[in-house]
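Per-entry structural report
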Amino acid sequence: MIAGGRPLRGEVRISGAKNAALPILCASLLSAQALVLDNLPELKDVDTLVRLLQGMGVHAERQPGGIHLACPDLHTPVAAYELVKTMRASILVLGPLLARCGQARVSLPGGCAIGERPVDLHIKGLEAMGARISIEHGYIVAQVDRLRGARIFMDTITVTGTENLMMAATLADGITLLENAAREPEVIDLAECLIAMGARIKGHGTDLITIEGVPALHAARHRVMPDRIESGTFLVAAAATQGDVTLRNTCPDALLAVLDKLYEANASIDRNGDSLRIRMRGPNLGVSVRTAPHPAFPTDMQAQFMAMNCVAEGTTVITETIFENRFMHVQELRRLGANIEIEGNTAIIRGVPGLEGADVMATDLRASASLVIAGLIAQGETRIERIYHLDRGYEHIEAKLMGLGADIRRVAAPAIG
Ligand code: UD1
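Structural notes, computed from the coordinates. (Residues numbered from 1 in each chain as written. Predicted model: local features only at pLDDT ≥ 70, side-chain atom pairs only at ≥ 80, totals over all residues. Heavy atoms only, no water.)

1. Notes on the overall build of the protein
Along its length, the protein carries 14 helices and 24 strands. Over its C-alpha atoms the protein spans a radius of gyration of 21 Å, differing by no more than 12% from the 22 Å that the globule rule assigns to 417 residues. Principal-axis analysis of the C-alpha atoms gives the protein an extent of 65 × 55 × 40 Å. Relative to its 417 residues, the protein shows a buried fraction of 58%. Element-wise, carbon and sulfur atoms account for 49% of the exposed surface of the protein, whose accessible area totals about 16500 Å². Between the mean site of the 41 positive side-chain charges and the mean site of the 47 negative ones, the protein shows a separation of 1 Å. (Helix = DSSP H or I, 4+ residues; strand = E, 2+ residues; numbered from the N terminus. Rg over C-alpha atoms; globule rule 2.2 N^0.38 Å. Buried < 20%, exposed > 50% of the residue type's maximum accessible area, 1.4 Å probe, protein only. Areas by Shrake-Rupley, 256 points an atom, 1.4 Å probe, with all protein chains shown as cover. Lys, Arg positive; Asp, Glu negative; His and termini not counted. Charge placed at Lys NZ, Arg CZ, Asp CG, Glu CD.)

Following this line, the structure appears as structure tokens:
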């Protein structure tokens, strides 16, 4: 429940990145020795993945702010549907399982709220490395004696696909070239963790990653990078409420496209090391965005910008080029009084003077974040249902927002019937 209409003010500490933590946790499957992670966020998705890894043989012990992982005996290379269906990123175990023990049985993730999201490029890449793969009863069943290096071209840029193949290639026989690789900062963070474990990787952060396989990886310690999407979400929330917020422990260099768009919307942003302070220079002018792979504007920030644009001066256009069905938040924003029209993969947002609180429903992780921002802008009370989506990817979100002066609280859903 949010009582909106107050500007956010103060400081907030940004957590470790969900989308870096998930692949890095999977990297623990690649080695018999310990992997210690710092700055691991407390999130539902992290818990789900740790449970999945434990079922395979990973010993996991939470430490303050981090985790100690070790997988001396990878006895069950299986990812069951029950867990995979709750979190698509579980597909990230496929490459490490094949690389470490030559077999894997991983449930196909299936569709999700934001679109079809196939995993064909993960499978094709592993086949190019010599794996025999079939689909049986909804499971990817894969086998290989030892993966061998290969030249792999991915015709669509895929983040988890790049990560899966990069992990698989660390233990392959020979050199792997990943062409048209994703350049997301989380891919770089994973590569740095793998390098600390003894992997030989070059070119991460470019579209050509070269991996020279080694026989085994060793113990390592790695600090998970700050979450750029959580950072962007707080920046937009501050701008949309005409607030004044400083982010601590963030990653300004990974946020350039987002910062550029916020500047265009009339924000002033000051950088000081790994801190960012945002204020508005005047009225919210809104800003048109087009999502595309990094370093362009991230699809995971589209919904939040749309919430801000709802109350901007003038008309803005948001074009979604990554996922075919990522406008689920639009009908909910309309319930708060937004004027949004959809034409194919484009949303046309005509700014209105204000939003009004209403009951809305969260449909996926980033759509939920956009509804929170809209609720913070709106006059009156907004009740957001199905906030478990938020807990998947935002650490202590209501505590952090309360710390910035928001009137927000978690209430139990009313009993039905
Ligand atoms: C990751 C992020 C997600 C983000 C997305 C795009 C994680 C855990 N999740 O998701 O938050 O929104 O990147 O930045 O890091 N595709 C195929 N075949 C494949 C794989 C992908 O056609 O085998 C297509 C997808 O349908 C989509 C596009 O490629 O249209 C990009 O998807 P991808 O980068 O793979 O997204 P994820 O890695 O699942």
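Here the narrative resumes.
2. Regarding the side chain of Thr316
Locating Thr316 in the fold gives a position in strand E19 (residues 315-319). With near-sequence residues (within four places) excluded, Thr316 lies in contact with Leu285, Gly286, Val287, Ser288, Asn309, Ala347, Ile348 and Ile349. (Contact = heavy atoms within 4.5 Å.)

3. What about unusual backbone geometry?
With an omega dihedral of 10 degrees, the bond running from His294 to Pro295 counts as a cis peptide bond. Here Pro295 is to be found in the loop between strand E18 (289-290) and helix H10 (302-309). Phi is positive for Arg386, which is not a glycine, with a value near 60 degrees. On the secondary structure map, Arg386 appears in the loop between strand E23 (381-385) and helix H13 (388-393). The exposure class assigned to Arg386 is partly exposed, which follows from its relative accessible area of 45%. In this structure, His396 takes a positive phi of about 45 degrees despite not being glycine. When you line up the elements, His396 lands in the loop between H13 and helix H14 (397-403).

4. A look at the packing of aromatic side chains
Taken as a whole and judged by the stated rule, the model has one aromatic pair. Centroid distance Phe297 to Phe305: 5.0 Å. Interplanar angle 85 degrees. Geometry classified as edge-to-face. It is Arg105 that lies over the ring of Tyr139; its NZ or CZ is 4.5 Å from the centre. It is Arg281 that lies over the ring of Tyr263; its NZ or CZ is 4.0 Å from the centre. (Phe/Tyr/Trp six-rings, centres within 6.5 Å; stacked < 30°, edge-to-face > 60°. Lys NZ or Arg CZ within 6 Å of the ring centre and 35° of its normal.)

5. A few points about the sheet that holds strand E8 (residues 132-136)
Reading across from one edge, E6-E7-E9-E8 is the order of the four strands in this open sheet, with mixed pairing throughout. The open sheet has two free edges, formed respectively by strand E6 (78-79) and E8, since each of these has just one partner strand. Alignment of E8 against strand E9 (residues 139-143), held across five bridges, turns out to be antiparallel. Across the sheet, Ile135 pairs through a bridge with Ile140, a residue of E9. (Pairing = 2+ DSSP bridges.)

On their own, these measurements won't tell you what the molecule is for.
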